[in-house]
Amino acid sequence: MTTEAKALAEADGHVPWENFAKFVRQLSHDLRNQLNAAELQSALIGELTNDAELKSEIRRLRELVAQLGVTLQNLSASVAEPRPTALPYPAKDFIADMQKKIAHEFPEKVKWEVLPAAVTLNIDPELTEWAAAELVRNAFRHDLAGDEVQAQASVEGDWFTFSIRETKKEEIDPAQWTQPLQQVSHGHYGLGLRRARRIIAAQGGELSAKFDPASRTLTSTITLPCSTESP
C-alpha cells in the first residue's frame, strides 16, 4: 500500500462523530420526505378503488411505510446529542417507573433488588428511564447466558446507583462495550449504549461497566447525583 493510500485509509477510519451525525440526520430527512410522498400516493390510490382486497393491501403498504419512517426518526435521535430537561423526581418513583417499563418489555425476566432510596433526583425522567431500559435490552440482545438478569437500585452517599448484572456466554472487553457500531443486526445499529451514556453524562452522572472473567459476569452501572431537595 502506498503512502497516499495509507493516509486515505486512516482518514476514512477517523470520521468525526459530528460529521457522521450530520450525515445520518440528512439522509434520514431525505428518506422520510420520500416516504411521506409514497404514503400520500398510496392513500390516493386507495381512494381510487373499491376493491376490498386491494384496499387491504394498500393499508398494509401504508403501515410498512410508516414503520420505516419511525425507524429513521429513531436513528436520527440515536446520533443526536441529548438535551435533557431536568425535573425533581423522587428516586422511589423513578424506580417504580423503571420496573413497570422493563416488566412490560421483559415480563418475569429481571430479578430486582431495591434498597431504600428516600432521595430526590434531578433528571429528565423519560430520557433516564430510556437509558436504564437500554441496559436491559442490550443484555438480552447480546450473548446472554441464561434467560434472566439481575437489577439493583440503591443510594450510596450522595449518589443514586442502578446496575444490571448479566452472565455472558463468553468473555467480553468492557472498553469496547459502549463503542458505537460494534454489533449491528436487523433493526439494531449499535448506537443505543452510546446514547444511554450521553444521556447520563448530560445529567452529571456516569455509565460504566466491568467484567468478571471468573464468573463471566458483566455489571453495567448508572450513577446519578442525588438532589439537595427533599423528596
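Worth saying up front: this structure is predicted, and the values here are computed from it rather than measured.

Colleague: How should I be thinking about the overall build of the chain in this particular structure?
Modeller: Along the chain, the regular secondary structure elements total six helices and seven strands. In sequence order, the chain lays out its α and β elements as α-α-α-β-α-β-β-α-β-β-α-β-β. Relative to its length of 231 residues, the chain is extended, with a C-alpha radius of gyration of 22 Å against a globular reference of 17 Å. In terms of its C-alpha atoms, the chain occupies a principal-axis envelope of roughly 65 × 60 × 40 Å.

Colleague: Just checking my understanding: could you explain the pattern of salt bridges for this structure?
Modeller: When charged atoms on two side chains of opposite charge get close, those side chains can pair. Under the definition given, this model contains eleven salt bridges. Put simply, Glu-81 and Arg-198 hold a salt bridge, and the shortest N to O gap is 2.8 Å. Here Glu-81 is found in the loop between helix H3 (52-79) and strand E1 (87-90), whereas its partner Arg-198 is found in helix H6 (residues 192-201), with 117 residues between them in sequence. By relative accessible area, which is 37% here, Arg-198 ends up partly exposed. Here Asp-93 ties to Lys-92 by a salt bridge, and the two come within 3.4 Å at their closest N and O atoms. Here the salt bridges share partners, and the residues they tie into one network are Lys-101, Glu-105, Glu-134, Arg-137 and Arg-141.

Colleague: Whenever I open this one, the packing of aromatic side chains confuses me. Can you help?
Modeller: Each pair of aromatic rings is reported with the distance of its centres and the angle of its planes. All told, the structure shown has four aromatic pairs when counted by the stated rule. Where Trp-17 meets Phe-20, the ring centres are 5.1 Å apart and the plane angle is 55°; that geometry is what we call tilted. Of this pair, Trp-17 and Phe-20 both sit in helix H2 (residues 17-47), three residues apart, roughly one helical turn. Consider the rings of Phe-94 and Phe-160, whose centres lie 6.0 Å apart with planes at 70°: the pair is edge-to-face. On the criterion of sequence distance, the pair formed by Phe-94 in helix H4 (residues 91-105) and Phe-160 in strand E5 (residues 159-167) is long-range, its members being 66 residues apart. In this structure, Phe-94 and Phe-160 share a single accessibility class: buried. Over the ring of Trp-17 we find Arg-194, and its NZ or CZ is 3.8 Å from the ring centre. Over the ring of Trp-130 we find Arg-195, and its NZ or CZ is 4.5 Å from the ring centre.

Colleague: What's the story with the side chain of Glu-166 in this structure? I'm lost.
Modeller: Relative to the assigned elements, Glu-166 resides in strand E5. Within the structure, the side chain of Glu-166 is placed 2.5 Å from the side chain of Lys-168, a separation counted as a polar contact.

Colleague: Looking at this structure, how should I read the sheet that holds strand E7 (residues 217-225)?
Modeller: Each strand in a sheet pairs with another by means of backbone hydrogen bonds, the pair being arranged parallel or else antiparallel. Spatial ordering of the open sheet is given by E2-E4-E5-E7-E6, a layout of five strands whose pairing is mixed. Strands with a single pairing partner mark the edges of an open sheet, and in this sheet they are strand E2 (110-114) and strand E6 (206-212). Sheet twist, expressed as the average angle between the axes of neighbouring strands with direction ignored, equals 15°. When E2 meets strand E4 (residues 149-156), the two strands line up parallel, connected through five bridges. Its bridge partner being in E4, Glu-113 is matched across the sheet by Gln-152.

Colleague: Just to check I follow, could you spell out a nonpolar patch on the surface for this structure?
Modeller: A cluster of nonpolar side chains, Phe-23, Leu-27 and Leu-31, forms an exposed patch at the surface whose accessible area comes to about 280 Å². Of note, Leu-27 is situated in helix H2.

Colleague: Would you mind showing me how to read unusual backbone geometry here?
Modeller: Residues apart from glycine generally show negative phi values, whereas peptide bonds are mostly found in trans. Its identity as a non-glycine residue notwithstanding, Glu-108 has a phi of 60°, on the positive side. Mapped onto the fold, Glu-108 is located in the loop between H4 and E2. The class for Glu-108 is exposed, based on a relative accessible area of 80%. Residue Arg-216 is not a glycine yet carries a positive backbone phi of 55°. Mapped onto the elements of the fold, Arg-216 is located in the loop between E6 and E7.

Colleague: Sorry, what's going on with H6 here?
Modeller: Three or four residues apart is the spacing at which side chains of an α-helix point the same way, because the helix has 3.6 residues per turn. Counting buried positions along H6 gives seven out of ten residues, so the element sits mostly inside the fold. Here H6 has its buried residues at Gly-192, Leu-193, Arg-194, Arg-195, Ala-196, Ile-199 and Ile-200. The secondary structure elements touched by the buried residues of H6 are H2, H3, helix H5 (125-141), E6 and E7.

What counts as what
Counting from 1, residues in each chain are numbered in the order their sequence is written. Predicted model: local features are reported for residues with pLDDT of at least 70 only, side-chain atom pairs are reported and counted for 80 or more only, and whole-chain, interface and lining totals are derived from all residues. Neither water nor hydrogens contribute to the side-chain values; these are computed over all heavy atoms in the structure. Going along the chain from the N terminus, every DSSP run of H or I of four or more residues is numbered as a helix, and every run of E of two or more is numbered as a strand. Put simply, the radius of gyration uses C-alpha atoms, and a globule should come to 2.2 Å times the residue count raised to 0.38. Salt bridge, as used here: a side-chain nitrogen of Lys or Arg that lies within 4 Å of a carboxyl oxygen of Asp or Glu. Relative accessibility under 20% of the residue-type maximum defines a buried residue, over 50% an exposed one, and the middle range a partly exposed one, all with a 1.4 Å probe and only protein chains included. Any Phe, Tyr or Trp ring, taking Trp's six-membered ring, that has another such ring centre within 6.5 Å forms a pair; planes under 30 degrees apart are called stacked, those over 60 apart edge-to-face, and the others tilted. Whether a charge lies above a ring is judged from NZ of Lys or CZ of Arg, which has to be within 6 Å of the ring centre and within 35 degrees of the ring normal. Polar contacts, as counted here, are pairs of nitrogen or oxygen atoms within 3.5 Å of one another; within protein the pair requires one atom able to donate a hydrogen and one able to accept it, and residues that are adjacent in sequence qualify only if both atoms are side-chain atoms. In this scheme, strands are said to pair when DSSP sees at least two bridges between them. In this analysis, axes come from line fits to C-alpha atoms, helices being fitted only over the stretch in contact, and the angle between any two N-to-C directions falls in the range 0 to 180 degrees. Surface patches are drawn from residues lacking salt bridges whose relative accessible area is over 30%; two like charges belong together within 9 Å, two nonpolar side chains (Val, Leu, Ile, Met, Phe, Trp, Tyr) within 5 Å. Areas reported here follow the Shrake-Rupley algorithm with a probe of radius 1.4 Å; residue values treat only the protein chains shown as occluding. Any two residues whose heavy atoms approach within 4.5 Å at even a single point are treated as in contact.

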